[in-house]
Amino acid sequence: MPRMWWVVGVVVLAAIFSAYLGWTAQRVERLHVRAQSAERALDAHLVRRAAAAAVVAEHGDRVELYAAARLALDAEPGDRESAENDLTRQLRAVDLDPEDQAVRALIATSRRVVLARQVHTDLVRDALSARRRLLVRLLRLARRHPRPEYFDIVEPVMPDLPPPLTVPGPTPPPESTLPVRTV
């Protein structure tokens, strides 16, 4: 009878370990997929920002800004960070009018770039942290995925947008016209 409990204990421990191993493998998989999705989203926002900067440069006849935007749009993956940093430097050097619709679009896309970069950085950090775990390294659970990389660019600082126009809503009736109920 005592051997039976010992065998049951080993089976229970093996089941717990395999459940933990499955959970860890799923977590590593999920983090890498999310990091890849965040990288694609960041890339899309960077392309939108470069396109919006090219439009602003065309409207304002700014040759340097247009050249930086075209370089950012045409950059190879290895040169992308430096091209985006050059575009950010050009955007900082240009005086932008927040009343212009093209500039408004550029400001909005630049803010989305900042947010997408923060999300990407957080997910890359989490994926790299999961890859450093001993069990993940020993069992090579992350071998199917390329190692995620940070995307280091200078944060674009854009002028504030003026507040949007507000349409006044209906005004409530004066209190004196409201019926008063007495009990």
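Residues numbered from 1 in each chain as written. Predicted model: local features only at pLDDT ≥ 70, side-chain atom pairs only at ≥ 80, totals over all residues. Heavy atoms only, no water.

K.L.:
What should I look at first to understand a nonpolar patch on the surface in this one?
P.N.:
Side chains of M4, W5, V8, V12, L13 and I16 sit close together on the surface and give an oily, nonpolar patch of about 660 Å² of accessible area. Relative to the helices and strands, I16 is located in helix 1 (residues 2-60). (Patch = residues over 30% accessible without salt bridge, like charges linked within 9 Å, V, L, I, M, F, W, Y side chains within 5 Å. Areas by Shrake-Rupley, 256 points an atom, 1.4 Å probe, with all protein chains shown as cover. Salt bridge = Lys/Arg side-chain N within 4 Å of Asp/Glu carboxyl O. Helix = DSSP H or I, 4+ residues; strand = E, 2+ residues; numbered from the N terminus.)

K.L.:
Help me out: how do you make sense of a positive patch on the surface in this one?
P.N.:
Together, R27, R30, R34 and R133 make up a positively charged patch on the protein surface. Mapping R30 onto the fold places it in helix 1. (Lys, Arg positive; Asp, Glu negative; His and termini not counted. Charge placed at Lys NZ, Arg CZ, Asp CG, Glu CD.)

K.L.:
What should I look at first to understand the side chain of H45 in this one?
P.N.:
Along the chain, the position of H45 falls in helix 1. Among all residues touching H45, those that are not within four sequence positions of it are R112, V113 and A116. (Contact = heavy atoms within 4.5 Å.)

K.L.:
For this particular structure, what's the right way to read a negative patch on the surface?
P.N.:
On the surface, a cluster of negative charge is made up of D95, D97, E99 and D100. As for its placement among the helices and strands, D97 is situated in the loop between helix 3 (80-93) and helix 4 (101-131).

K.L.:
Can you walk me through the packing of helix 2 (residues 63-74) against helix 3 in this structure?
P.N.:
Geometrically, a packed helix pair is captured by the angle between its two axes and the distance between the axes. For the pair helix 2 and helix 3, the least separation of the axes is 8 Å and the interaxial angle reads 155°. With respect to their mutual orientation, helix 2 and helix 3 come out roughly antiparallel. The element helix 2 and its partner helix 3 pack so that their crossing is left-handed. Taking contact as the criterion, the partners of E64, L65, A68, A69, L71 and A72 in helix 2 are, on helix 3, R80, A83, E84, D86, L87, Q90 and L91. Looking at the contact of helix 2 with helix 3 residue by residue, the class counts come to 8 nonpolar, 1 polar and 4 charged. (Axes fitted to C-alpha atoms, helices over the stretch in contact; angles between N-to-C directions. Parallel < 35°, antiparallel > 145°, perpendicular 65-115°, else oblique. Left-handed = near helix turned anticlockwise from the far one by under 90°. Nonpolar A, V, L, I, M, F, W, Y, C, P; charged D, E, K, R; others polar.)

K.L.:
What should I look at first to understand the layout of surface pockets in this one?
P.N.:
In this approach a probe as big as a water molecule rolls over the atoms, and the regions it shows empty are the leftover space. Approximately 260 Å³ is the volume attributed to the largest pocket. Around the largest pocket, the lining residues are E39, L42, D43, L46, P77, R80, E81, H120, E149, Y150 and F151. Going through the elements one at a time, helix 1 and helix 3 are the ones with two or more residues in the lining of the largest pocket. It is helix 1 that provides the largest number of residues to the lining of the largest pocket, a total of 4 residues. Of the residues contributing to the lining of the largest pocket, the split by class is 5 nonpolar, 1 polar and 5 charged. Here the second largest pocket defines a volume of roughly 160 Å³. Around the second largest pocket, the lining residues are A25, Q26, V28, E29, R140, L141, R143, R144 and H145. Looking at the lining of the second largest pocket, its residues break down into 3 nonpolar, 2 polar and 4 charged. (1 Å grid on protein atoms, 1.4 Å probe; cavity = no way out; pocket = protein on both sides within 12 Å on 5 of 7 lines; lining within 4 Å. Points joined across faces, edges and corners; volume = space filled by probe spheres on them.)

Keep in mind that these numbers describe shape and distance, not what the molecule does.
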